[in-house]
Amino acid sequence: MSLPYRLSTEIPTSTQDYINARFDRYGVNLPQMRENFQSYIIASTVNEEPNAPPIRIFNDVDAEATPPWEFHYTNEMFHSPDVPPPVRSKVYCDCEGKCGSNAKSKCACLKRQEEWTKASGGDFKREKGFVYDAFGRVRFAYVPIFECNDLCGCDEECRNRVVQHGRKVQVNIRKTLKKGWGVFNGDNTIHSGTFIGIYSGELITDAEGERRGQKYYKRTYLFDLDCYHLRPLVNRPGEPPKRLSREELQRLDDEWTPKYTVDAFHAGNFTRFLNHSCDPNCNMTAVYINEGNVDKPLLVVFSSREIYPGEELCFSYSGPVDESPQVKDGKETRLSDEIYMVCECGAFNCKG
Ligand SMILES: C[S@@+](CC[C@H](N)C(=O)[O-])C[C@H]1O[C@@H](n2cnc3c(N)ncnc32)[C@H](O)[C@@H]1O
């Protein structure tokens, strides 16, 4: 069963075109210009996340009024015509009220979550139940999350519905000294495991991502759907996930190429401004809601530790920080395509 979706050819451009045609007026660093950008963000997302705290824009570094008006602000995924349309997940539960997460529960969503948690190689004694705790925070990282969906019987208060309820944290977009624009925490501490935002944008094929990667100069907004949890499925499409040994996973790594990439250049939300850090406080997790195609999870940003008011939110563009470095021709290489000559994250363990 198909799901409603929008094509990348439908990305709205009228607001960007309007502002850019009047750049002499709108390019000036005045409070009014920042307010226009803030209002544009609210207007673009008010229907899907009416309770999301407003995002503010700050620049005390230079004369740029706002981030460039080069993208459509959205939390949605716009599909490139050569990416398969979304298909509805065949798994849903018939729970009433909230889904139970104990051993007696017959919840189909819980069963699927536990299968994937197990296959992802975690400590299954500790990592039982839904990934979210009673406060909607992630209990263990690097496990794909399968939320309850539109066909499930449970209510909106079910603990297995977090990303679908939208952003609750207050974040700001602020110009940094050396990394362009970045995302900063607002006035409240963000607890570890909190949902921050969906890395939304254009969903394109890996080949198109490679092509665009060659063209982008200095800045890139490309992120592969390079999900570790999908590796065991490489030779067994459509089958349930299976726990594999470390050696088997290593072997599968060689055969693995991600199929899709998210490009947040033309469309995206505040997460497109998240910079890289070698000592990150956020991570990216694969989350499924209604999508039944395991190759097409949402890339979702969660905090990975407590983040204090005013702190910059960053994640590691090279994947989990404790992942062993890739070595090619005797040299350590990075795993992703970040475009900058020198890392300016400033972390004590910065790899440069
Ligand atoms: C996804 S964008 C992040 C938002 C970007 N700062 C902006 O102003 O639009 C990625 C780009 O930000 C810059 N960047 C991110 N992290 C960086 C870092 N640690 N050091 C230097 N540049 C960084 C690079 O230009 C990179 O290609």
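Because the structure is predicted, anything quoted here is derived from the model rather than measured.

**Description of the overall build of the protein chain**
Inference 1: What the protein chain contains, in helices and strands, is 6 helices and 18 strands.
Inference 2: Scored against the burial criterion, the 352 residues of the protein chain give a buried share of 50%.
Inference 3: Within the protein chain, residue pairs in contact and separated by at least 24 positions form 73% of the contacts whose partners lie at least 6 positions apart.
Inference 4: Accessible surface, the protein chain as shown: approximately 18200 Å² in total, 51% of it carbon and sulfur.

**Let's talk about the pairing of strand S9 (residues 201–205)**
Inference 1: The element S9 is largely enclosed, with a buried count of 5 among its 5 residues.
Inference 2: In the sheet, strand S4 (residues 77–79) pairs with S9 via 3 bridges, with the strands oriented parallel. The residue of S9 that forms the bridge with Phe78 is Glu202.
Inference 3: Here 4 bridges tie S9 to strand S11 (residues 260–263), and the two strands are oriented antiparallel to one another. Bridge pairing in S11 places Leu203 opposite Val262.

**Some words on the site of the ligand**
Inference 1: Residues in contact with the ligand amount to 19 residues; listed here are only the nearest, Lys179, Trp181, Lys218, Tyr221 and Asn275.
Inference 2: One of the side-chain nitrogen or oxygen atoms of Asn275 is found 2.8 Å away from a nitrogen atom of the ligand.
Inference 3: Between the ligand and the protein, one listed contact pairs a nitrogen atom with a backbone N or O atom of His276 at 2.9 Å.
Inference 4: Across the complex, the protein chains shield 95% of the 570 Å² of accessible surface that the ligand would expose by itself.

**A closer look at the pairing of strand S16 (residues 312–315)**
Inference 1: Neither face of S16 is exposed, since Glu312 and Cys314 on one face and Leu313 and Phe315 on the opposite face are all buried.
Inference 2: Taken together, the 2 bridges between strand S7 (residues 181–185) and S16 define a ladder with antiparallel strand orientation. Bridge assignment links Val183 to a residue of S16, and that residue is Leu313.
Inference 3: Two elements, strand S13 (residues 275–276) and S16, share 2 bridges in a ladder whose sense is parallel. Bridged to Asn275 within S16 is Cys314.

**Examining the nonpolar core**
Inference 1: Judged by nonpolar contacts, the single largest core of 63 residues is most densely connected at Val163, Phe302 and Leu313.
Inference 2: Among all residues touching Val163, those that are not within four sequence positions of it are Tyr132, Glu147, Phe195, Ile198, Val287, Ile289, Val300 and Phe302.
Inference 3: In this structure, Cys99, Cys109, Cys148 and Cys152 belong to the second largest nonpolar core, which totals 11 residues.

**Focus: the packing of aromatic side chains**
Inference 1: Tallied over the full model, the rule gives 16 aromatic pairs.
Inference 2: When the ring of Phe71 is compared with that of Phe273, the centres are 5.8 Å apart and the planes differ by 70°; the resulting orientation is edge-to-face. One end of the pair, Phe71, is in the loop between strand S2 (56–58) and strand S3 (72–73); the other, Phe273, is in the loop between strand S12 (267–268) and S13, with 202 residues separating them in the sequence.
Inference 3: Using a relative accessible area of 4% as the deciding quantity, one classes Phe273 as buried.
Inference 4: For the ring pair Tyr199 and Phe223, a centre distance of 5.2 Å and an interplane angle of 85° mean the geometry is edge-to-face. On the criterion of sequence distance, the pair formed by Tyr199 in the loop between strand S8 (195–198) and S9 and Phe223 in strand S10 (residues 222–224) is long-range, its members being 24 residues apart. One exposure class covers both Tyr199 and Phe223, and it is buried.
Inference 5: In this structure an aromatic cluster arises from ring pairing among Phe37, Tyr40, Trp69, Phe71, Tyr73 and Phe273.

**Considering the environment of Arg272**
Inference 1: Counting through the fold element by element, Arg272 comes out in the loop between S12 and S13.
Inference 2: Judged by relative accessible area, Arg272 falls into the buried class, the value being 4%.
Inference 3: For the pair formed by Arg272 and Gly182, sequence separation is 90 residues and the distance between their alpha carbons is 8.7 Å.
Inference 4: Every residue in contact with Arg272, bar those within four places of it in the chain, is listed here: Glu70, Phe71, Tyr199, Tyr221, Ala264 and Phe265.
Inference 5: A polar contact is formed between the side chain of Arg272 and the backbone oxygen of Ala264, at a distance of 2.7 Å.

**Looking at the pattern of salt bridges**
Inference 1: Under the criterion given, the structure shown has 16 salt bridges.
Inference 2: Across the pair Glu64 and Lys175 runs a salt bridge, and its minimum N-O distance is 2.7 Å. Here Lys175 lies in strand S6 (residues 171–175) and Glu64 lies in the loop between S2 and S3, a separation of 111 residues in the sequence.
Inference 3: Classification of Lys175 as buried rests on a relative accessible area of 11%.
Inference 4: Residue Arg219 pairs with Glu70 through a salt bridge whose shortest N-O separation is 2.8 Å. With a gap of 149 residues between them, Arg219 in the loop between helix H5 (206–215) and S10 and Glu70 in the loop between S2 and S3 connect regions that are remote in the sequence.

So, how was this worked out
Residues numbered from 1 in each chain as written. Predicted model: local features only at pLDDT ≥ 70, side-chain atom pairs only at ≥ 80, totals over all residues. Heavy atoms only, no water. Helix = DSSP H or I, 4+ residues; strand = E, 2+ residues; numbered from the N terminus. Buried < 20%, exposed > 50% of the residue type's maximum accessible area, 1.4 Å probe, protein only. Contact = heavy atoms within 4.5 Å. Areas by Shrake-Rupley, 256 points an atom, 1.4 Å probe, with all protein chains shown as cover. Pairing = 2+ DSSP bridges. Near = heavy atom within 4 Å. Polar contact = N/O pair within 3.5 Å; in protein donor to acceptor, adjacent residues only side chain to side chain. Core = buried A, V, L, I, M, F, W, Y, C linked by side-chain atoms within 4.5 Å. Phe/Tyr/Trp six-rings, centres within 6.5 Å; stacked < 30°, edge-to-face > 60°. Salt bridge = Lys/Arg side-chain N within 4 Å of Asp/Glu carboxyl O.

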